[in-house]
Structures are given as structure tokens and as C-alpha cells.
There are 2 protein chains.
Amino acid sequence: MLELAGLPADCAKRRATGGCDVCQARPFSVCASVPDADLARLDGLAETVALEPDQALFRQDDPVTHIFNVTSGSLRLSRLLPDGRRQIAGFLFAGDFIGLSDEARHAFAAEALEPSTLCRFRQGDYRALMREVRDLETALLQRAGRELSAARDQALRLGRKSALERLASFLIDLPGIDPLRPATPDVIRLPMTRGEIADYLGLTIETVSRSLTKLKQLGLVRQLSLNLLKVERHDALRDLAEGLG
Amino acid sequence: MLELAGLPADCAKRRATGGCDVCQARPFSVCASVPDADLARLDGLAETVALEPDQALFRQDDPVTHIFNVTSGSLRLSRLLPDGRRQIAGFLFAGDFIGLSDEARHAFAAEALEPSTLCRFRQGDYRALMREVRDLETALLQRAGRELSAARDQALRLGRKSALERLASFLIDLPGIDPLRPATPDVIRLPMTRGEIADYLGLTIETVSRSLTKLKQLGLVRQLSLNLLKVERHDALRDLAEGLG
DNA sequence: CGTTCTCTTGACCAGCATCAAAATTTGTGG
DNA sequence: CCACAAATTTTGATGCTGGTCAAGAGAACG
């Protein structure tokens, strides 16, 4: 029942390459070195959730009742303005947590990009557990710190980068956050649509498409299929992403 | 020596209004209900840092050695692109923490907006302490969650809002994060320059200035002095910030 | 009071959005 | 497997928001 995806990055990587059978089953617990006795208690409290593409885990303004951990697939965290403008605050992949903040309601909706599974705890159970299982809290704090860094990188992207730089930066960062990336390091899987990339990068679908075409023309990436890219010149792409283009 | 500014919001508020003398001295500890024995150990590890305006606490890419807590004043978290473009990821006020992420180097520089003081721990000491003082970690996790929410709100601002909406949204949110706001709820203190607001909102100085003029023309705010605003129509400002304008 | 810095205002321009349509991909039924 | 319909992506033409460049108005400092 318990199926939290690994917190430590190296664990997530081993999972992705299929090298860690134990982690596959209960990666979080093992990687965080939680004693077996506590493991059993975690097992008892965990529930599994499965989502179809576009199905909502929760909606914007829903009360926060659970803590979730993504075990497979990918989701989007999105928020709508009254007039329909949408901002995607982030994409979530195996290992990511949702609901760490102690707010009463979700400011963003979480919806599946593809068939996905999650593991959840009631927030009350979870809080109580954290008071007893020390490593759980430590691991979560580390992860929250990393997510905060990612959110600030996103601010830089949205605030000060051109459309082309935003897309380049997105393509550079994506493999790092998706443990299920293809074995080949420079092949990038895009489980999201152009519209979702646009809403993540604060652009329109058309501009995302045009920017991608530009990257292809510059010879920085090659398109293997609609949602599979190969980075041809990683350094050049990185320079562009960092504003050195 | 120990002078962590309060974690729980109500404590920070009491500090701001001068109502909590004990909190003034060691707000974090008291509010988090840390036992006296642990308090003494915290005291032994804490150091105070004072900064002049524009003085750097650390620079972008510096190694992370300490955890900081702002006890007075305000700072900016900023990052530069090679060509000089600057993005300010956030403003920090009394009570805010820096260095929660476990990364080796700072992705953003921290610089004082005004004369400020901070309390710091060596990261090693701090980690060790967290393993023993339970409430410290719990409180930090809550705070990290809140900062993450704020960072995601910022993504919405930068990604999908117009210049006028960004400024309105900034003015709505600022009092909530600055415990030293004036007693009058609708008077907003701006310890940062127009240029800093611009770099925070992903705009230029000129656009910030024009947008502020527009807000005044619309009768939503009145300018008491260069860096002091009075919100005249809070609901209208909020609607504008949320895209209902 | 004058020097300097910051803020405000104005004129013009560019990057991205908008509107429109063609090209590809995806899904469905025969 | 093919044909057709629907949805998504790409490409093209035009317009607007906000950036750039320039000058003037206030504040802050000695």
C-alpha cells in the first residue's frame, strides 16, 4: 500500500533506470532510513490514488485534507484567473510532494498530464506521524527547500527572459525534475501539450511553437516526434537559457 | 544573542505592534515552545549580523555556510543574468528564513534594502540541533511551505498578469509579508526603490512608475510620500490584482 | 544652493499576443 | 488498413502592451 516515491535524488534516479527494486516498492521509506517499526505504521495510513489524463486530484480552492506523493506519471499545478487566463506553477513527477504548506485551501489545482498514481495520507495522521518519525520531517524539509529553489528559478524565467530563453531554460531544467526521463540523457520527453508549456512559461501556444521551430533552425535540438526532443548542442542550449545567447 | 524573529504569524504581528517583549528578544524560541534547556543551547550557537543598505549578506554562487533569520529591516533576494538583467525573487522581512534549501551554493544574492539585522547559525550546528529540537524543524517546514506558496503566487503574477495587475497584486500582498507595516492597515510602506519593484515584477522602472500613476488616477491609492501609499479602495485594488478589473 | 540621484512623463519601437488559416497528428468507424 | 473527422500544432499577417531612449521634475545630500 505504501508507495511513496523516493526523496533523495539518487534514489529517484535508480528507480528511473530500474536499478532499485526495493525503492520501487517503498522508495521513500527505505531511502530515508526509517526503522521498520515506523514503516509498518506508515503502511497502515497510506492510500493509493490513480488518475486518468486531465483528471483532477483536487481543484483550486478545495480544502486541504491530504498530503500526496506522486508515484508514477506526471501532473500540472495550475491556477485560473477569472477571465480564463491560466498559469501553471509547476509540473510534478514521481517523487514530488503536494500539500506541504499548512494552508487551509489549495491555491492551485492539481491535474494529471498522463495516467498517474499517487500515495496519500490524511493530513492529521500525517502530522501526528511526523512528530514521531524524525527522518520523515527532515527529508520533507530538504525537498521543500529544493522546490522553493525551483520556484525562484521560475521567477527568473518569467520575469526576465525572452520567449526563446524561457523555452531553452525549460528544456534544460526538465530532465532534472523528471526521474522518468529516457535513459539517453539528451532525449527529452514532453508529457505535456504545447498549451501547457505555454501556460507554464507565461507565453501563448503560438509563441512556444515558433520558439521551438527557432531552436530547431539554430540546430540546438532535433524533433524525434511530437513530444520527444533530442538536444544536439547542450552547451549552446544552456548558454541561451542563461542569457548568453 | 539569540534573536530569531517569530515564526508563527501572530507572534510576528505582536512584535510589529510592540506588544510582545519576550518575543522581541527571542521570538522564535518562545513561540515554538522550545524547552528552556534547548533554548540555552540555541543561544550558544547564535550570532548576530548587521547590514547597511545595499550591503550583501552573501552573493550569488557563494557557498552556503549558514542559516539566517531576519530580525529587523528587509532584504532582497536577487539574481543577475550575465548581461545585467536582474530578477528579484522575493523580499525578506523580520521573521523570514534564508538557507533552508540544502544546496551547496546560493542561487540568489541577499542584500539589505535598509539597515537590517539577522541572526545566524552555522549550517552544521543547525542540522545537528534540528535533530534534537523537534519543534524547530516542524516550524521551519511550515514556513517553507508558506514561502513555496508565495513563490507560486509570484509565478502567476509574472506569467499571466498585466503590468497594472502585477503592481496591484504586489501592493495587496506586501502588507501580509512585512510584519513592520504601519499600524494603519491600508498604509503601505515601500522600503524598496522603484527599480527593485520593477525587478521583482519583471517590469522596467518606467512601467512601474506609469502603473503607479494609473492607480492614482483610478483613485485606488493615494501617495502620502515617495515610499508611503494609502489604499483608498481596497476591494477595487484587490479585484484588479485578481484580474477582475 | 547646487549636485546628484531617483522618479515621472513623453515619443517611438520591438517582441509577443491576437486573429486567421494551413499542416499534422490523433481518434473513430467502416 | 484506409477514410474521414476532430483536435493539436505550425505558420503567417497584424496590432498592442510594455521596453527603449530621452528629457524634465522632485528629493536627498553635502
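This text goes with the structure placed above it.
Here's what I pulled together on the structure shown here. (Residues numbered from 1 in each chain as written. Chains lettered and ligands numbered in written order. Predicted model: local features only at pLDDT ≥ 70, side-chain atom pairs only at ≥ 80, totals over all residues. Heavy atoms only, no water.)

**As for the overall build of chain A**
Basically, it comes down to this: Going along the chain from the N terminus, every DSSP run of H or I of four or more residues is numbered as a helix, and every run of E of two or more is numbered as a strand. In this analysis, two residues are considered to be in contact whenever any of their non-hydrogen atoms come within 4.5 Å of each other. Residue exposure ignores everything except the shown protein chains as possible cover, and the areas themselves are Shrake-Rupley values with a 1.4 Å probe.
For chain A, the count of helices and strands is 10 helices and 11 strands. Of all intrachain contacts in chain A linking residues separated by at least 6 positions in sequence, the fraction that spans at least 24 positions is 69%. Here chain A has roughly 10,100 Å² of accessible surface; of this, 50% comes from carbon and sulfur atoms.

**Thoughts on the sheet that holds strand E4 (residues 74-80) of chain B**
So the rule is basically this: Two strands are said to pair when DSSP picks up at least two bridges between them. For every element, the axis is a line fit to its C-alpha atoms; helices are fit only across the contacting stretch, and the angle between N-to-C directions ranges from 0 to 180 degrees.
Reading across the sheet, the 4 strands line up as E2-E7-E4-E5 (chain B) and stay open at both edges, with antiparallel pairing between neighbours. Sheet topology places strand E2 (56-58) and strand E5 (86-93) of chain B at the edges, where each strand pairs with a single neighbour. Taken over all neighbouring pairs, the strand axes of this sheet differ in orientation by 30° on average, direction set aside. Judged from the 4 bridges that link them, E4 of chain B and strand E7 (residues 109-112) of chain B form a sheet pairing that is antiparallel. In the sheet register, arginine 76 of chain B faces E7 of chain B, and the bridge partner there is glutamate 111 of chain B. Helix-sheet contacts for helix H6 (residues 134-160) of chain A involve E4 and E5 of chain B, and the interaxial angle to E5 of chain B is about 130°.

**Comments concerning the side chain of arginine 157 of chain A**
Residue and element names in this part refer to chain A. This is how it is decided: For every residue, the accessible area (1.4 Å probe, protein chains only) is compared with the maximum for its type, and the residue is labelled buried under 20%, exposed over 50%, or partly exposed between those bounds. Here a polar contact is taken to be a pair of N or O atoms separated by no more than 3.5 Å, where protein atoms must pair a possible hydrogen donor with a possible acceptor and residues adjacent in sequence count only if both atoms sit in side chains.
Position of arginine 157 relative to the elements: it lies in helix H6. Assessed through its relative accessible area of 3%, arginine 157 is described here as buried. At a separation of 3.0 Å, a polar atom in the side chain of arginine 157 contacts the side chain of aspartate 173. Excluding residues that lie within four positions of it along the chain, arginine 157 makes contacts with Arg166, Ser169, Phe170, Asp173, Tyr200 and Leu201.

**Here's the deal with the side chain of glutamine 87 of chain B**
Tracing the backbone shows glutamine 87 of chain B in strand E5. Among the residues examined, glutamine 87 of chain B registers a relative accessible area of 0% and is labelled buried.

**Considering the sheet that holds strand E8 (residues 116-122) of chain B**
Residues and elements named next belong to chain B. With antiparallel pairing, 4 strands are arranged side by side in an open sheet as E1-E8-E3-E6. Because the sheet does not close on itself, it has two edges, and the strands there are strand E1 (47-51) and strand E6 (97-98). Sheet topology note: the E1/E8 ladder contains 5 bridges and is antiparallel. What sits directly across from valine 49, in E8, is leucine 118. Sheet strands in contact with helix H5 (residues 123-132) are strand E3 (66-72) and E8, and its direction is about 70° off that of E8.

**Overview of the interface of chain B and chain A**
Short version of the rule: Throughout, the accessible surface (probe 1.4 Å) given up by two parts as they are put together, summed over both, is called the buried area. The salt bridge criterion pairs a side-chain nitrogen of Lys or Arg with a carboxyl oxygen of Asp or Glu, the two atoms within 4 Å. Three classes are used, and their members are as follows: Ala, Val, Leu, Ile, Met, Phe, Trp, Tyr, Cys and Pro are nonpolar, Asp, Glu, Lys and Arg are charged, and the others, Gly among them, are polar.
In this assembly, 47 residues from chain B lie in contact with 47 residues from chain A. The contact between chain B and chain A buries some 4,400 Å² in all, and 56% of this surface belongs to carbon and sulfur atoms. For chain B, the biggest contributors to the area lost against chain A are Leu141, Arg152 and Arg160 of chain B; these three give 18% of the whole. Where chain B meets chain A, there are 10 salt bridges. Aspartate 199 of chain A is paired through a salt bridge with arginine 160 of chain B; the nearest N and O atoms lie 2.8 Å apart. Of all elements in the fold, only E4, E5, H5, helix H6 (134-160) and helix H8 (194-201) of chain B reach the threshold of two or more residues within the side of chain B that touches chain A. Take the side of chain B that touches chain A: its biggest share by element is 21 residues, from H6 of chain B. Residue composition of the side of chain B that touches chain A, by class: 17 nonpolar, 11 polar and 19 charged.

**Brief notes about the packing of helix H5 (residues 123-132) of chain A against H6 of chain A**
Residue and element names in this part refer to chain A. Basically, it comes down to this: Reported orientations rely on four angle classes, namely roughly parallel under 35 degrees, roughly antiparallel over 145, roughly perpendicular from 65 to 115, and oblique for the rest.
As a packed pair, H5 and H6 sit with axes 5 Å apart at the nearest point and diverge in direction by 105°. In terms of orientation, H5 and H6 fall into the roughly perpendicular class. Contacts between H5 and H6 involve Tyr126, Leu129, Met130 and Glu132 on the former and, on the latter, Arg134, Leu136, Glu137 and Leu140. Here the contact of H5 with H6 is built from residues that sort into 5 nonpolar, no polar and 3 charged.

**Considerations on the pattern of salt bridges**
Going through the model one piece at a time under the given rule, you end up with 30 salt bridges over all chains. The closest approach of N and O atoms between arginine 143 of chain A and aspartate 96 of chain A, which form a salt bridge, is 2.8 Å. Here aspartate 96 of chain A lies in the loop between strand E5 (86-93) and strand E6 (97-98) and arginine 143 of chain A lies in helix H6, a separation of 47 residues in the sequence. Looking at aspartate 96 of chain A, the relative accessible area reads 12%, which means it is buried. The shortest N-O distance in the salt bridge between glutamate 165 of chain A and arginine 85 of chain B comes to 2.8 Å.

**Topic: the nonpolar core**
Across soluble globular proteins, you tend to see nonpolar side chains buried next to one another. Where we set the bar: Residues grouped as a nonpolar core are buried Ala, Val, Leu, Ile, Met, Phe, Trp, Tyr and Cys residues, joined through side-chain atoms within 4.5 Å.
In this structure, Tyr126 and Leu140 of chain A together with Tyr126 and Leu140 of chain B are the most contacted members of the largest nonpolar core, which totals 30 residues. Only strand E8 (116-122), H5 and H6 of chain A together with E8, H5 and H6 of chain B provide two or more residues apiece to this core. Apart from the residues within four sequence positions on either side, tyrosine 126 of chain A is in contact with Ile67, Leu100, Phe121, Leu136 and Leu140 of chain A.

**Some details on the protein's contact with DNA strand D**
Just so we agree on the cut-off: A molecule or strand has a residue near it when one of that residue's heavy atoms lies within 4 Å.
The immediate surroundings of DNA strand D are formed by 17 residues, with Arg194, Arg210 and Thr213 of chain A together with Ala163 and Thr207 of chain B found nearest. Sugar plus phosphate, as a fraction of atoms of DNA strand D within 4 Å of the protein: 64%. The separation between a phosphate oxygen of DNA strand D and a polar side-chain atom of threonine 213 of chain A is 2.4 Å. Listing elements by their share of the surface near DNA strand D, those giving two or more residues are helix H9 (205-217) of chain A together with helix H9 (205-217) of chain B. Looking at the surface near DNA strand D element by element, the count peaks at 5 residues for H9 of chain A. Tallied by class, the residues present in the surface near DNA strand D amount to 4 nonpolar, 8 polar and 5 charged.

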